[in-house]
Amino acid sequence: MKLDIWEFVRLMVAVENQADNPLMQAFGEQWQEVDQALEALSQSDRIAYSDMMLNQEIDLGALNRDQKAAGAAALQKVIAELKTMEEDLEPDDAETIKLERKALAKRLKGFKS
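Given the structure is predicted, the values throughout are model-derived calculations rather than measurements.

1. With respect to helix H2 (residues 22-44)
The end-to-end C-alpha distance of H2 is 33 Å, a good match for the 33 Å that 23 residues give at a rise of 1.5 Å each. Remark: the principal bend of H2, roughly 65°, maps to Gly 28. Within the span of H2, buried status applies to Leu 23, Met 24, Phe 27, Gly 28, Trp 31, Val 34, Leu 38 and Ser 42. Lining the buried residues of H2 we find helix H1 (5-15), helix H3 (46-55), strand S2 (57-59) and helix H4 (65-87). Its side-chain oxygen 2.7 Å from the backbone nitrogen of Leu 23, Asn 21 forms the N-cap of H2.

2. Some thoughts on the packing of aromatic side chains
Under the counting rule described, the total for this entry stands at one aromatic pair. Ring centres of Phe 8 and Trp 31 lie 6.0 Å apart, and the angle between their planes is 75°; this geometry places the pair in the edge-to-face category. Separated by 23 residues along the polypeptide, Phe 8 in helix H1 and Trp 31 in helix H2 bring together distant segments of the chain. For the pair shown, Phe 8 and Trp 31 are each scored as buried. Sitting over the ring of Tyr 49, Arg 46 keeps its end group 4.9 Å from the ring centre.

3. A closer look at the environment of Glu 87
Position of Glu 87 relative to the elements: it lies in helix H4. In this structure the C-alpha to C-alpha distance between Glu 87 and Ser 44, which are 43 residues apart in sequence, comes to 33 Å.

4. Comments concerning the side chain of Glu 86
Among the structural elements, Glu 86 can be located in helix H4. Within polar-contact distance, the side chain of Glu 86 engages the side chain of Arg 101 at 2.8 Å. If near-sequence neighbours (up to four positions away) are discounted, Glu 86 is found in contact with Ala 94, Ile 97, Lys 98 and Arg 101.

5. Quick look at the packing of H1 against helix H5 (residues 91-112)
Direction vectors running N to C along H1 and H5 enclose 80°, while the axes themselves pass 11 Å from each other. In this view, H1 runs roughly perpendicular relative to H5, as classed from their interaxial angle. Counted together, Trp 6, Glu 7, Arg 10 and Leu 11 of H1 and Glu 100, Ala 103, Leu 104, Arg 107 and Phe 111 of H5 form the full contact between these two elements. The class makeup of the residues in the contact of H1 with H5 is five nonpolar, no polar and four charged.

Scoring rules and cut-offs
- Residues numbered from 1 in each chain as written.
- Predicted model: local features only at pLDDT ≥ 70, side-chain atom pairs only at ≥ 80, totals over all residues.
- Heavy atoms only, no water.
- Helix = DSSP H or I, 4+ residues; strand = E, 2+ residues; numbered from the N terminus.
- Expected span 1.5 Å × (residues − 1).
- Bend = angle between axes of the 7 residues up to and from the residue.
- Buried < 20%, exposed > 50% of the residue type's maximum accessible area, 1.4 Å probe, protein only.
- Contact = heavy atoms within 4.5 Å.
- Polar contact = N/O pair within 3.5 Å; in protein donor to acceptor, adjacent residues only side chain to side chain.
- Phe/Tyr/Trp six-rings, centres within 6.5 Å; stacked < 30°, edge-to-face > 60°.
- Lys NZ or Arg CZ within 6 Å of the ring centre and 35° of its normal.
- Axes fitted to C-alpha atoms, helices over the stretch in contact; angles between N-to-C directions.
- Parallel < 35°, antiparallel > 145°, perpendicular 65-115°, else oblique.
- Nonpolar A, V, L, I, M, F, W, Y, C, P; charged D, E, K, R; others polar.

Structure follows, in structure tokens:
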């Protein structure tokens, strides 16, 4: 399974404090590498940071049943949080969150198949 980096970030932030989560067990090292790269770019090159977040992907390979279930649960949580955030934002910001929420809802289908 391939994810855009921003999708991977949303997913892994949702599970990063759960050491026993199947996603953290399988992709924790990749998550640390991506997180560190993004942190460095956010301090030095905002254009490269944006490019990495929006235009690059990470290939997680084939996910097993437990990883898919953990991913689905995490994305459902993120989508619900975004929906709540959306209600409290100005219209332009709310529209951005809405687009992100819809993209994640579409991605969620891949975790359920």
